[in-house]
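Given next are the chains, with one letter for each unit.
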Amino acid sequence: MADPKGFLKHARTNAPKRPTDERLGDWREVYAALSTEDRNEQVATQAARCMDCGIPFCHSGSAGCPLGNLIPEWNNMVRRGQWEMAGDRLHATNNFPEFTGKLCPAPCEAGCVLAISPEAGGAVAIKRVEETIAEVSWENGNVPPQLSEERTGKRVAVVGSGPAGLAAAQQLTRAGHEVTVYERDDRIGGLLRYGIPEFKMEKSVLDRRLVQMRDEGTRFITGCEVGADLTVADLRAGYDAVVLAVGALRGRDDTTVPGRELGGVHLAMEHLVPANKEVEGDGPSPISAEGKHVIILGGGDTGADCYGTATRQGALSVTQLDNYPQPPTERDDERSPWPTWPYILRTYPAHEEAGERKFAVSIESFAGDEDGNVRAVRLRHVEVRRDENGRRQVVPVSDEVEELPCDLALLAIGFEGVEHMPLLDGLGIELTPRGTIGSGSNWETTAPDVFVCGDAHRGASLVVWAIAEGRSVAHAVDSHLMGTSELPSPVHPTALPLAV
């Protein structure tokens, strides 16, 4: 059993970061490299803080991990130095713990019993433990291909190669089906490849997993727009089932802001994708922050990704704007009681490197120069309210206007849903009012033999939910093709995280 007093003996410590000046000079991950001995010792100490609670909310599907990761079990194994057993236990519920260990915001930690009160010293460093288990597994050669003993003769197409599509593909391949993943970009990975900056996850981490998947038998085809390069008729004729994992990449815009049409005003992904391609070796990005004053509108993960990318590109200044007031640094039990996801100020490594954040402000207008390029933004202090119908309204609360220099403006204000594509038209699928692809209780869309998972189904969400939905849709497709399935199904299509 776990040490019930471990959290009293050991304080929570996060992974050490490289010096700011050093990491601003390259695109490598921000965390410092430790010797194997020091890293494993530190992480084993952190795992010893886990109490193995009677009711472990950390792996509750609604308040913690939707994958159902059995966190107390592998924490205890790590505490005892049983790294191989911990790796087996972790991979039993998570296809890609190296992705979630680096990218997931860790709802498991928000649901940790030690997160109830600051007096407990903070949640167990679950994300750090998970990421280290995954790395040790790779280092020790304990992530071999898992080959199916029998082939079913059934063929499945997965459209989209983000975390949901990859999880569905790996599960279905391991079940014995012949799986082909189609990706319209030139490389596999979806947002993992071109949406996530290298300093958050180096792409070698993705590439080594793709090698394993190819060795297991999954086939990948890049540069193929399904519905155009591959017709819907050919898709239907060639496969027994189709999984749509096309993401929700239709960026939210605000064309009502005066000056939105000026040069230098872009949606966030228009900046992030070519920046990531440049790091891959594809040549200079056409949208660079070098030598520019950068304004980022939006306080979420995508905004922080733009923030860190701009500083590494050599921006003169970076300012991130948020419509909402600055959140508290500790959980407000009245607003977001444990174990719900807390409303707190989230400071990413990028925020420690340069620039500043401004809260409760909104862009009133963009000002341009004589060449039609943005030169400044005009800000007003605002308050976010809800009207009688619950619609969000951003209301100015002051007549004072602040002007900031701006040569590059990036709108990171969210996503509106699935992009309009010929594939959906050809399948006769209409989007829901939320801009997503709906499904029945078995993940099947209105088009027979066509299933959906990930952001395309849920809307823009977390990597851990994408993997959970990919695993669940694999179970549904396997059952559809074979009449039954032994694959796990961690979440239902209607599952939602606990919220207030």
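Reading the values: the criteria
Residues numbered from 1 in each chain as written. Predicted model: local features only at pLDDT ≥ 70, side-chain atom pairs only at ≥ 80, totals over all residues. Heavy atoms only, no water. Helix = DSSP H or I, 4+ residues; strand = E, 2+ residues; numbered from the N terminus. Buried < 20%, exposed > 50% of the residue type's maximum accessible area, 1.4 Å probe, protein only. Areas by Shrake-Rupley, 256 points an atom, 1.4 Å probe, with all protein chains shown as cover. Lys, Arg positive; Asp, Glu negative; His and termini not counted. Charge placed at Lys NZ, Arg CZ, Asp CG, Glu CD. Core = buried A, V, L, I, M, F, W, Y, C linked by side-chain atoms within 4.5 Å. Domains from an automatic or database assignment. Contact = heavy atoms within 4.5 Å. Pairing = 2+ DSSP bridges. Axes fitted to C-alpha atoms, helices over the stretch in contact; angles between N-to-C directions. Salt bridge = Lys/Arg side-chain N within 4 Å of Asp/Glu carboxyl O. Parallel < 35°, antiparallel > 145°, perpendicular 65-115°, else oblique. Left-handed = near helix turned anticlockwise from the far one by under 90°. Nonpolar A, V, L, I, M, F, W, Y, C, P; charged D, E, K, R; others polar. Buried area = accessible area lost by both parts, 1.4 Å probe. Polar contact = N/O pair within 3.5 Å; in protein donor to acceptor, adjacent residues only side chain to side chain. UniProt positions renumbered as here; feature names shortened; annotations may be inferred. Expected span 1.5 Å × (residues − 1).

(A) Summary view of the overall build of the protein chain. Across its full length, the protein chain holds 17 helices and 15 strands. When its C-alpha atoms are laid out on the principal axes, the protein chain stretches across 70 × 65 × 50 Å. Taken across its 500 residues, the protein chain has 52% of its residues classed as buried. Counting every atom, the protein chain has about 21,600 Å² of accessible surface; 49% of that belongs to carbon and sulfur. Charge centroids of the protein chain, computed over 50 positive and 74 negative side chains, lie 3 Å from each other.

(B) Local environment of the nonpolar core. Grouped together as the largest cluster of nonpolar side chains are 44 residues, with contacts concentrated most on Val156, Leu166, Met201, Val243 and Val477. At the level of elements, α6 (97–103), β1 (155–159), α9 (163–174), β2 (178–182), α11 (203–216), β4 (241–244) and α17 (463–482) are the ones that each hand at least two residues to this core. Looking at which domains feed residues into this core, each of domain 1 (6–140) and domain 2 (155–249 + 416–482) supplies at least three. Each residue touching Met201, except ones within four places of it in the same chain, is listed here: Glu29, Phe99, Lys102, Leu103, Leu192, Ile196 and Leu206. Ranked by size, the runner-up nonpolar core spans 25 residues in total, among them Phe7, Val43, Trp83 and Val129.

(C) Main features of the sheet that holds strand β3 (residues 219–221). With parallel pairing, the 5 strands of this open sheet are ordered in space as β3-β2-β1-β4-β15. A strand with exactly one partner marks an edge of an open sheet, and here the two such strands are β3 and β15 (450–452). In this sheet, neighbouring strand axes are inclined to one another by 20° on average, regardless of whether the strands run parallel or antiparallel. Here β2 pairs with β3 via 3 bridges, running parallel. Directly across from Tyr182, in β3, lies its bridge partner Ile221. The strands that α9 touches are β1, β2, β3 and β4; relative to β2, the one it contacts most, it runs at about 165°.

(D) Summary view of the pattern of salt bridges. Enumeration over the complete set of coordinates arrives at 34 salt bridges. Close ionic contact of Arg155 with Glu178 constitutes a salt bridge, the shortest N to O distance being 3.4 Å. Taken together, the residues Arg155 in strand β1 and Glu178 in strand β2 connect sequence positions 23 residues apart.

(E) Broad picture of the packing of helix α5 (residues 83–91) against helix α8 (residues 126–139). The interhelical angle for the contact between α5 and α8, taken along N-to-C directions, is 110°, at an axis separation of 9 Å. Here α5 is positioned roughly perpendicular relative to α8, judged by the angle of their axes. The handedness of the crossing between α5 and α8 is left-handed. Seen from α5, the contacting residues are Trp83, Ala86, Gly87, Leu90 and His91; seen from α8, they are Glu130, Thr132, Ile133, Ala134, Val136 and Ser137. Across the contact of α5 with α8, the residue classes tally to 6 nonpolar, 4 polar and 1 charged.

(F) Region of the structure containing the domain arrangement of the protein chain. In terms of domains, the protein chain is made up of domain 1 (6–140), domain 2 (155–249 + 416–482) and domain 3 (253–413). Between domain 2 and domain 3 the total buried area reaches about 1,100 Å² when both faces are included, carbon and sulfur atoms providing 51% of it. Summed over the three residues of domain 2 that lose the most area to domain 3, namely Arg187, Tyr194 and Phe199, the buried surface amounts to 49% of that side. If you look at where domain 2 meets domain 3, you find 4 salt bridges. Across the salt bridge formed by Glu280 and Arg187, the nearest N and O atoms sit 3.7 Å from each other. Counting across the interface, domain 2 meets domain 3 through 4 residue pairs in polar contact (both at pLDDT 80 or more). Counting residues per element, the side of domain 2 that touches domain 3 draws most heavily on helix α10 (residues 191–194), at 3 residues. For the side of domain 2 that touches domain 3, the class distribution of residues is 5 nonpolar, 1 polar and 6 charged.

(G) Focus on the UniProt feature "domain: FAD/NAD(P)-binding" (unreviewed entry) in the protein chain. Residues annotated by UniProt as "domain: FAD/NAD(P)-binding" (unreviewed entry) correspond here to residues 155–327 and 380–470. In residues 155–327, the share of helix is 36% and the share of strand is 19%. The end C-alpha atoms are 49 Å apart. Helix makes up 20% of residues 380–470 and strand 34%, whereas the separation of the span's terminal C-alpha atoms amounts to 43 Å.

(H) Spotlight on the pairing of strand β7 (residues 293–297). Of all 5 residues that make up β7, 4 are buried, and the element is covered over most of its length. Bridge count for β7 against strand β8 (residues 317–322) is 5 bridges, and the pairing is parallel. Each bridged residue has a counterpart across the sheet, and for Ile295 the counterpart in β8 is Thr319. In the sheet, β7 pairs with strand β13 (residues 408–411) via 4 bridges, with the strands oriented parallel. The partner of Ile296 across the bridge, within β13, is Leu410.

(I) Here's a closer look at helix α14 (residues 301–313). The first and last C-alpha atoms of α14 sit 18 Å apart over 13 residues, in line with the 18 Å expected at 1.5 Å per residue. Buried within α14 are the following residues: Gly303, Ala304, Asp305, Cys306, Tyr307, Gly308, Thr309, Ala310, Thr311, Arg312 and Gln313. Tucked into the core, α14 has its buried residues touching α2 (20–23), α13 (268–279), β7, β8, β9 (356–359) and β13. Immediately downstream of α14, the backbone of Gly314 shows phi near 100°, a positive value.

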